[in-house]
Amino acid sequence: MLKPVEHIRHRPAPGRWPDVAQAARARLFSPLAHRNLRLAQRSWVPAMVPWRASEDGYVNDDVMDWYRRFARGRPGALVVEATGVRDISSGPLLRIGHDRYQPGLEKLVEAVREASDGETRLFIQLIDFLPIRRRPAPATYFARYLKITGRHRRALGAENWSEARVRKALAELDETTLERVLDARELEALQMGLRERVTDTQHPHIRALPRVLPGCFARAALRARDAGFDGVELHYAHAYTLASLLSARNTRGDGYGGAREQRVRLPLEVYHAVRRAVGDKYVVGCRFLSEDCIAGGSSLEDACYFAVALARAGMDFLSLSRGGKFEDARQPKIGEAAYPYTGASGYECIPHVISDRRGPFGRNLEAAAAIRAALRAAGEQTPVVVAGGIHGFEQAERILARGQADLVGVARQALADPDWFLKIRLGHGDAIRTCSYSNYCEGLDQRHKQVTCQLWDRVAMDESGVKRSKDGRRRLVAPAWTPPARADARNTSTEMR
Ligand SMILES: Cc1cc2nc3c(=O)[nH]c(=O)nc-3n(C[C@H](O)[C@H](O)[C@H](O)COP(=O)(O)O)c2cc1C
Ligand code: SF4
């Protein structure tokens, strides 16, 4: 996690909570309808990867428990974690790249529907990502991974040496000499781990992205629709393939990079393929970045342009995040992979309570408001979702009243207390467990460990039926909550059923 230079500790300040009557009149709990999107309220749980799927990407009981628990809080919408559209192995990350995943996904839909009594709309985030390797030990890198070229031989004066001797000589060089002998990508592969980019068009599979991706996303979206999800969110944000295509750093020369019109071309082609597959009546939206937050990356102006283009194409919603890039990620330890939330852009994406003067609460609001204004000025009414440090009712109401967004995204606060939505609605805001924005959960994500919250994962461990993490030390879902005044009211209890 990045430590901002100013190092100012901010305190979450949720403010006053409404009583039942005030909540009933609140903007947050008012319905929203636009094109295919129909929500009973304007609250939204953005995607969060919990590292709980089976090793080969299937829905299992842990995944069901995770989403069931969110659904019991009855947010307006719940987005299932980034789910891979390709049929490639990716450890315990959820996958939708083959029909064999469908039965599990169907069960997940049923579980959420039952737990929220049908109130929460369930979307699934569809993702494509390019390979990234763990940072190698230097000895392994020089012995196995580095492709020896004439450049290396010339730099060493080793034209006639055997390859084994060249490798050995390279492994013995000091850092300064290595910086001269290796090119920038080779150095990066050594220091950070090899990472493919959308601009690596020398590789046939990268060149083929425009041909391959629309079909992958379309087939995945069809599976989502057939499994019963209420819609799909195309993942065009953070460090992944479609976001990298949108980025101003995308210099592809094949008509899919360079100017904005070309950078948005493949995201639009993916959208159109998805739309053709699922039909006009199904919810299709996307998540993208209001700003890349890296040097040379896309700006707010770019995002306004993309928003209008994506809305005109027919997106049912636009969800905004910010940053979360590999380009400024911290160097991982040997044996670990780079994590796109460790640099300044990562900080913008998942801001910590120790921050700069602006603080971690609502860092994306200004940008979201500008993007929404650009949409409205272009005659597009597409709803905008904003997230980032939102944890108070008054804060949420202000966002909606000021027109900064149409839907309020609450990620970590919903993880800290999945009943945030229900507690506010029922006039029990004072019972909310407020997120400390400590990023303990993000630390678990970084280490690919089952994600839990520091505020509840050691609570009531001996309760019957409590499932524990693989190391046995943490409970996997938040404790149940029953409204005090209606302890017998089964339909508002969040107890595990
Ligand atoms: C553990 C964890 C996993 C996340 N996984 C995803 C993801 O799969 N897709 C995504 O778009 N954002 C992901 N995010 C980012 C959140 O959706 C959200 O944008 C971010 O946490 C800021 O919102 P918040 O301040 O309400 O938490 C993740 C965040 C956390 C903490
Ligand atoms: S661990 Fe819990 S309290 Fe800490 S940031 Fe994550 S959700 Fe919030």
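(A) Quick peek at the overall build of the protein chain. Check the secondary structure of the protein chain and you find 20 helices and 12 strands. Taken over C-alpha atoms, the radius of gyration comes to 23 Å for the protein chain, in line with the 23 Å a tight globule of 497 residues would show. The buried share among the 497 residues of the protein chain stands at 47%. Across the protein chain, the fraction of contacts at a sequence separation of at least 24, relative to all contacts at a separation of at least 6, is 71%.

(B) Region of interest: the site of ligand 1. By nearness alone, 24 residues border ligand 1, and Pro46, Ala47, Ala82, Ala411 and Arg412 come closest of all. Element by element, the count of residues in the shell around ligand 1 is highest for helix α20 (residues 440-446), at 3 residues. Counted by class, the shell around ligand 1 contains 13 nonpolar, 6 polar and 5 charged residues.

(C) Structural view of helix α13 (residues 265-278). For α13, which comprises 14 residues, the first-to-last C-alpha distance of 20 Å matches the rise-based estimate of 20 Å (1.5 Å per residue) to within 8%. Taken together, the buried positions of α13 are occupied by Leu266, Pro267, Val270, Tyr271, Val274 and Val278. For α13, the angular spread of buried residues about the axis comes to 145 degrees, placing them on one side. Buried residues belonging to α13 abut α10 (209-227), β7 (231-236), α11 (241-246), β8 (283-289) and α14 (300-313). Two residues or fewer after α13 comes Gly279, characterised by a positive phi angle close to 90 degrees.

(D) View of the domain arrangement of the protein chain. Taken domain by domain, the protein chain holds domain 1 (8-131 + 214-492) and domain 2 (138-191). A C-alpha centroid distance of 42 Å is found between domain 1 and domain 2.

(E) View of the packing of α13 against α14. Interaxial distance between α13 and α14 falls to 10 Å at its minimum, and their mutual angle equals 20 degrees. Here α13 lies roughly parallel to α14, going by the angle between them. Note on packing geometry: the crossing formed by α13 with α14 is right-handed. Facing Leu268, Tyr271 and His272 of α13, the residues of α14 in contact are Ala309, Leu310 and Ala313. Broken down by class, the residue content of the contact of α13 with α14 amounts to 5 nonpolar, 1 polar and no charged.

(F) Focus on the pairing of β7. The buried fraction of β7 is high, at 6 of 6 residues. Residues Gly231, Glu233 and His235 point to one face of β7 and Val232, Leu234 and Tyr236 to the other, with burial holding for every one of them. Here strand β6 (residues 121-127) runs beside β7; their pairing, made up of 4 bridges, is parallel. Within β7, the position partnered with Ile124 by the bridge is Val232.

(G) Main features of the sheet that holds β6. An order of β4-β5-β6-β7-β8-β9-β11-β12 is seen for the 8 strands of this closed barrel, with the pairing classed as parallel. For this sheet the average axis-to-axis angle between neighbouring strands, irrespective of direction, equals 25 degrees.

(H) Structural context of the site of ligand 2. Within the structure, ligand 2 sits among 13 residues, and Cys435, Ser438, Tyr440, Cys441 and Cys453 are positioned closest to it. Of all the elements in the fold, those that place two or more residues in the shell around ligand 2 are α18 (412-416) and α20. Ranked by residue count, the leading element in the shell around ligand 2 is α18, at 3 residues. For the shell around ligand 2, the per-class residue count stands at 8 nonpolar, 4 polar and 1 charged.

(I) Layout of the pairing of β6. With 7 of 7 residues buried, β6 lies mostly within the body of the structure. Because side chains alternate across β6, one face comprises the buried residues Arg121, Phe123, Gln125 and Ile127, and the other comprises Leu122, Ile124 and Leu126, equally buried. Pairing analysis gives 6 bridges linking strand β5 (residues 77-84) to β6, with the strands arranged parallel. Note on β6: the bridge partner recorded for Thr83 is Leu126.

(J) Focus on the environment of Val283. Looking at the element boundaries, Val283 is found in strand β8. Among the residues examined, Val283 registers 23 C-beta atoms within 10 Å and is labelled buried. Beyond its immediate stretch of four places on either side in the chain, Val283 contacts Asn36, Leu37, Phe123, Asp230, Gly231 and Asp316.

(K) Structural view of unusual backbone geometry. Although it is not a glycine, Trp51 adopts a positive phi angle of roughly 55 degrees. Summarising the element assignment, Trp51 is placed in the loop between β4 (43-45) and α2 (61-72). A tally of 19 C-beta atoms within 10 Å means that Trp51 is categorised as partly exposed. The backbone of His448 sits at a positive phi, close to 60 degrees, despite the residue not being glycine. Here His448 is to be found in the segment after α20.

Reading guide: rules and limits
- Residues numbered from 1 in each chain as written.
- Chains lettered and ligands numbered in written order.
- Predicted model: local features only at pLDDT ≥ 70, side-chain atom pairs only at ≥ 80, totals over all residues.
- Helix = DSSP H or I, 4+ residues; strand = E, 2+ residues; numbered from the N terminus.
- Rg over C-alpha atoms; globule rule 2.2 N^0.38 Å.
- Buried ≥ 20, exposed ≤ 12 C-beta atoms within 10 Å, placed from the backbone.
- Contact = placed C-beta atoms within 7 Å.
- Near = placed C-beta within 6 Å.
- Nonpolar A, V, L, I, M, F, W, Y, C, P; charged D, E, K, R; others polar.
- Expected span 1.5 Å × (residues − 1).
- Arc of directions from axis to C-beta.
- Domains from an automatic or database assignment.
- Axes fitted to C-alpha atoms, helices over the stretch in contact; angles between N-to-C directions.
- Parallel < 35°, antiparallel > 145°, perpendicular 65-115°, else oblique.
- Left-handed = near helix turned anticlockwise from the far one by under 90°.
- Pairing = 2+ DSSP bridges.

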